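# Results of the structural survey
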Amino acid sequence: MKTQDAIDLAKKIIELDLLRDEMWESFAAAAGDQAYEILRNVQNN
């Protein structure tokens, strides 16, 4: 893998991680105290 390709992938991973954090905040605000339980239930089905 070329160095530039690796750098581009690293940047995409960081962008996804930031988006995930934003989405989690929105979800946690909507789901409240049950956020983790809901997430695990959906993940396991």
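Heads up: these notes are all about the structure in this document. (Residues numbered from 1 in each chain as written. Predicted model: local features only at pLDDT ≥ 70, side-chain atom pairs only at ≥ 80, totals over all residues. Heavy atoms only, no water.)

### Focus: the pattern of salt bridges
Per the counting criterion, the structure on display carries one salt bridge. Two residues, Arg-20 and Asp-21, come together in a salt bridge whose shortest N-O distance is 3.6 Å. Among the residues examined, Arg-20 registers a relative accessible area of 48% and is labelled partly exposed. (Salt bridge = Lys/Arg side-chain N within 4 Å of Asp/Glu carboxyl O. Buried < 20%, exposed > 50% of the residue type's maximum accessible area, 1.4 Å probe, protein only.)

### Regarding a nonpolar patch on the surface
On the surface, Leu-16, Leu-19 and Met-23 cluster together into a nonpolar patch covering about 320 Å² of accessible area. With respect to the helices and strands, Leu-16 occurs in helix H1 (residues 3-31). The exposure class of Leu-16 is exposed, given its relative accessible area of 56%. (Patch = residues over 30% accessible without salt bridge, like charges linked within 9 Å, V, L, I, M, F, W, Y side chains within 5 Å. Areas by Shrake-Rupley, 256 points an atom, 1.4 Å probe, with all protein chains shown as cover. Helix = DSSP H or I, 4+ residues; strand = E, 2+ residues; numbered from the N terminus.)

### Structural notes on the packing of aromatic side chains
Under the definition given, this model contains two aromatic pairs. When the centroid spacing of 5.5 Å and the interplanar angle of 55 degrees are considered together, the rings of Trp-24 and Phe-27 count as tilted. With Trp-24 and Phe-27 both in helix H1 and three residues apart, this pair spans about one turn of that helix. In this structure Phe-27 comes out as partly exposed when scored by relative accessible area, which is 27%. Between Trp-24 and Tyr-36, the ring centres sit 5.0 Å apart and the planes meet at 45 degrees, which makes this aromatic pair tilted. Residue Trp-24 is located in helix H1, and its partner Tyr-36 is located in helix H2 (residues 35-44); the two are separated by 12 residues in the primary sequence. For Trp-24, a relative accessible area of 19% puts it in the buried group. Here Tyr-36 falls in the exposed class, since its relative accessible area comes to 54%. (Phe/Tyr/Trp six-rings, centres within 6.5 Å; stacked < 30°, edge-to-face > 60°.)

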